[in-house]
Amino acid sequence: MAHSDILAAALLTDADLKGGTLEVHSPIDGALVGSVPTHSAGDVEAMIATAKAAFDAWKLVPGPRRGELIRLFGEELRAAKDELGALVTLECGKILQEGLGEVQEMIDICDLAVGQSRQLFGLTIASERPGHSMRETWHPLGVTGVITAFNFPVAPFAWNFALAIVCGDPVIWKPSEKTPLSAIATARIFAKAIERFGDAPEGLLQVAIGGGEIGEVLTTSKDVPLISATGSTRMGRIVGPKVAERFGKTVLELGGNNAMIVAPSADLENAVRAIVFSAVGTCGQRCTSLRRLIVHADVRDELVERLKGVYAKLPIGDPLAKGTLVGPLIDADALSGMEKALDQARAEGGTVTGGGKAQGVAGGHYVHPAIVEMPGQTDIVRHETFAPILYVMTYTTLDEAIALQNDVPQGLSSCIFSTDVRETETFLSAAGSDCGIANVNIGPSGAEIGGAFGGEKETGGGRESGSDAWKAYMRRQTNTVNYSRALPLAQGIKFEI
Ligand code: NAD
C-alpha cells in the first residue's frame, strides 16, 4: 500500500500534511510523510479556555447521554478500523495486525465506557447519627490533559478519552511528536460522531501538536485538574512534580521492565509462543514488552535453544506486508540505544545472540531481536531499553526467582509459566510479584481493556482503562443529610449554645 493512499484513506488532507515545521517520517522507510503545523503555547491556552467552557455545559448532560456520544464514536471507529490501523502502522512501524489491534482496543474501551456511563455510582454509608443518611456521589472533574507516547499512538488516548467523556470531562490530547497524524485522523473520526450526536459543546476533544514544551502548558495550568501522561519515567519525573506543585491529579503510565518466570513444570510450547510475542512484538517497543526471562536451571538449556531456533527464522521487514512479525525500530536513536545496551551487556558478562542490523525496507532501522544470556541481574538488565532485547537469567528456587523479578526500579507487568498451583498462587500473593499486572501462563503484554492497567514504583502508580479506573476522571463528594428535627453532632460531641 502506498503511503499516500494510507494518508488519504485516513482523512488527512494536504493542509494537515504540508507547510508545518514538525516533520513526520515513517519508520518503515524513513520517508517524509508530512510536515505538520504545530501549536504555540498561546494556542494551547486558548484550547484550555475552550475546554473549560465546554466543561460547564457537558458536566450538566446526563451520563447516559454522554455515553451516547461514545457509542457513536465506537461506531465510527468500527467503520474506520482498517484505515486508522494502517495509519498507525505507517506512523509508528508496528505490524499491521498490531495496528488493527490498537484500533480494536479503542472500540472495546468505547463499549466499556458506554456501559459505564450508566454506572457512575457511589455508595450509601451507615450514619452514626439518628435521622441521618450518608452517601458518596461522583461528579465530573474538569478539563483532562492526555499526553501519549509514540509506541501506542491511539489506544492509551482512547482509554482516557472514552472514560473522561462519559464522566463529563473535555479532553486536550498532546500526542507524541513522532505520531501526530494518527491523532489528527482520530479527531476527524470523532468529529463524525459529534456531527451525528447533534448538540455537543465545542471543544470536547482538541489536539495540541508539538513536543514536551506544549505538554508543559497543560501540566502547569491550574485549569487542567487531571493530567494523564503515558511515556518514559524521565518524562514522569518532570510531569509528576509540576502537576503536584499546583495540587492537580495525575495518572502516570511510565516505563516497564517486565519479566517472565519459567518453572520446571511449565508448558514450554506455550511459553515459547508467549515469550516471542511479548519480546519481539512492536519490535520490543511496548511498555509491557518482555525484557527479562528468569528460567529454572532444569529447563533453561532446552528453552533457550528453542527460542534461538524461532528467533533465527523471524520474518523481519515491512510491517504493512502480510507475514511480517517484526517491523522497524522507531528511529536512529532507538537503534543506537539498542546497540549501546548490547555493548554494555557484553561488558557486564552477557553473551549476545542476534541483535545486529537486519535487511528491511531501505531507509528504516530494522534489527534482529537479541537474546542475551546474563550471569546475573546487572545494571543494564535493570534498565528499560526500548528495543527487542531479551535478557535470560537462571534460578533454582522460586524465592530467588521472585526476588529477581522484583529487584528492578519499574513495576509494570510480570508473569509466571508453571502448572504448579503452589507456585502460581505464591507468585500472585503478597509474597509474589510487586507489579501492577501479574499473569499466569500468559505473557506480560497484550492486556484486555476490562482490567485496570498500570504499574507500581517508577512505572508511576496510575491505573487506566477498566475496573474502577473511571473514578480518576471524577471528583468524589461525601454527602450527609439530616432528616431529623434535632442536630446531633458526630462523635457525640456536646456543644450547647
Ligand atoms: P517520552 O517520555 O519521550 O514521550 C511521551 C510523551 O511525553 C510525548 O508526548 C512527549 O512529547 C511528552 N513529554 C515529554 N516531555 C514532556 C514534558 N516535560 N512535559 C509534558 N510532556 C512531555 O516517551 P516515548 O519515547 O514516546 O515512549 C516510550 C516510553 O513510554 C517507554 O518508556 C514506555 O515504557 C513508556 N510507555 C508506557 C506505557 C504505560 O502504559 N505504562 C505505555 C506506552 C509507553
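Cut-offs and rules
- Residues numbered from 1 in each chain as written.
- Predicted model: local features only at pLDDT ≥ 70, side-chain atom pairs only at ≥ 80, totals over all residues.
- Heavy atoms only, no water.
- Helix = DSSP H or I, 4+ residues; strand = E, 2+ residues; numbered from the N terminus.
- Buried < 20%, exposed > 50% of the residue type's maximum accessible area, 1.4 Å probe, protein only.
- Expected span 1.5 Å × (residues − 1).
- Contact = heavy atoms within 4.5 Å.
- Right-handed = clockwise from strand over helix to strand, strands pointing away.
- Salt bridge = Lys/Arg side-chain N within 4 Å of Asp/Glu carboxyl O.
- Pairing = 2+ DSSP bridges.
- Axes fitted to C-alpha atoms, helices over the stretch in contact; angles between N-to-C directions.
- Near = heavy atom within 4 Å.
- Polar contact = N/O pair within 3.5 Å; in protein donor to acceptor, adjacent residues only side chain to side chain.
- Domains from an automatic or database assignment.
- Buried area = accessible area lost by both parts, 1.4 Å probe.
- Phe/Tyr/Trp six-rings, centres within 6.5 Å; stacked < 30°, edge-to-face > 60°.
- Lys NZ or Arg CZ within 6 Å of the ring centre and 35° of its normal.

*Asks:* I tried to follow unusual backbone geometry on my own but got confused; where do I start?
*Replies:* Working note: non-glycine residues mostly have negative phi, and peptide bonds are mostly trans. Here S467, not a glycine, exhibits a phi torsion of approximately 55°, which is positive. You can see S467 is positioned in the loop between β20 (464–465) and β21 (474–482). A positive phi is found at Q491, a non-glycine position, where the angle reads about 60°. Turning to its location among the elements, Q491 is positioned in the segment after β21. What makes Q491 exposed here is its relative accessible area of 65%.

*Asks:* Please clarify how helix α11 (residues 268–280) should be interpreted in this entry.
*Replies:* Relative to the 18 Å expected for 13 residues at 1.5 Å per residue, α11 spans 18 Å between its end C-alpha atoms, a close match to the ideal helical length. Within the span of α11, buried status applies to L268, A271, V272, A274, I275, V276, S278, A279 and V280. The secondary structure elements touched by the buried residues of α11 are β10 (258–262), β11 (290–296), α12 (297–312), β14 (389–395) and β16 (413–417). T282 lies just past α11 and shows a positive phi near 50°.

*Asks:* Please explain the pairing of strand β6 (residues 171–174) as it appears in this structure.
*Replies:* A regular strand places its side chains on the two faces of the sheet in alternate fashion. Taking every second residue as pointing to the same face, both faces of β6 are buried, with V171 and W173 on one and I172 and K174 on the other. The parallel pair strand β5 (residues 144–147) and β6, bridged by helix α7 (residues 155–167), forms a crossover whose chirality is right-handed. Since β6 and strand β7 (residues 205–207) lie parallel, the crossover through helix α8 (residues 180–197) that links them has a hand, and here it is right-handed.

*Asks:* Explain the pattern of salt bridges here, please?
*Replies:* Here the idea is simple: oppositely charged side chains can pair when their charged atoms come close. Summed over all chains, the structure comprises 27 salt bridges. Across the pair K52 and D223 runs a salt bridge, and its minimum N-O distance is 3.4 Å. Taken as a pair, K52 in helix α3 (residues 41–58) and D223 in the loop between α9 (212–219) and β8 (226–230) lie far apart in primary sequence, 171 residues in all. What makes K52 partly exposed here is its relative accessible area of 40%. D223 sits in the partly exposed class, given a relative accessible area of 25%. The shortest N-O distance in the salt bridge between E102 and K94 comes to 2.7 Å.

*Asks:* Would you mind showing me how to read the sheet that holds strand β9 (residues 249–253) here?
*Replies:* The pairing of strands in a sheet happens through backbone hydrogen bonds and is either parallel or antiparallel. With respect to topology, five strands assemble into an open sheet ordered β7-β6-β5-β8-β9, the strand pairing being parallel. Unpaired on one side and paired on the other, β7 and β9 mark the two borders of the sheet. Each strand of the sheet is rotated relative to its neighbour by a mean of 15°, with strand direction disregarded. Where β5 and β8 come together, four bridges link them in parallel fashion. Along β8, the bridge assignment pairs T144 with L226. The sheet contacts of α9 involve β5, β6 and β8, and relative to β6 the element is tilted by about 155°.

*Asks:* What's the story with the site of the ligand in this structure? I'm lost.
*Replies:* Among the 29 residues in the neighbourhood of the ligand, the closest are listed as T148, K174, E177, S232 and E384. Within the contact set of the ligand, an oxygen atom lies 2.5 Å away from a side-chain nitrogen or oxygen of S232. In the model, a nitrogen atom of the ligand is placed 2.8 Å from a nitrogen or oxygen of the L254 main chain. Breaking the shell around the ligand down by element, the ones donating at least two residues are α9 and α10 (233–245). Among the elements that make up the shell around the ligand, the one with the highest residue count is α10 (four residues).

*Asks:* Explain the domain arrangement of the chain to me, please; I cannot follow it from the model alone.
*Replies:* As a measure of interface size, the accessible area lost when the parts come together is often cited. On domain assignment, one finds that the chain holds domain 1 (3–254 + 460–478) and domain 2 (258–440). Between the C-alpha centres of domain 1 and domain 2 there is a distance of 30 Å. Contacts between the two partners involve 20 residues from domain 1 and, on the opposite side, 25 residues from domain 2. Considering only the surface of domain 1 that becomes buried against domain 2, I28, I95 and E98 emerge as the three largest contributors, covering 30% of it. Across the contact surface, domain 1 and domain 2 share two salt bridges. When the shortest N-O distance is used, the salt bridge between R286 and E98 registers 3.0 Å. For the interface between domain 1 and domain 2, the tally reads six residue pairs in polar contact (both at pLDDT 80 or more). Here the side of domain 1 that touches domain 2 gets four residues from one element, more than from any other, and that element is helix α5 (residues 81–92).

*Asks:* What is the right way to read the packing of aromatic side chains from this model?
*Replies:* Inspection of the entire model under this criterion finds nine aromatic pairs. Ring geometry for F150 against F386: centres 5.9 Å apart, planes inclined by 85°, an arrangement best described as edge-to-face. On the criterion of sequence distance, the pair formed by F150 in the loop between β5 and α7 and F386 in the loop between β13 (370–373) and β14 is long-range, its members being 236 residues apart. Note on F157 and F161: the rings are 5.0 Å apart at their centroids and 20° apart in plane angle, and the pair reads as stacked. Taken together, the residues span about one helical turn, with F157 and F161 both in helix α7 at a distance of four residues. Exposure class is identical for F157 and F161. Each is buried. Through pairs of rings, three or more aromatic residues link up here, namely F73, F157, F161, W173 and F190. The ring centre of F197 lies 3.8 Å from the NZ or CZ of R65, which sits over that ring. The residue whose ring lies beneath K94 is F152, and the NZ or CZ to ring-centre distance is 3.6 Å.

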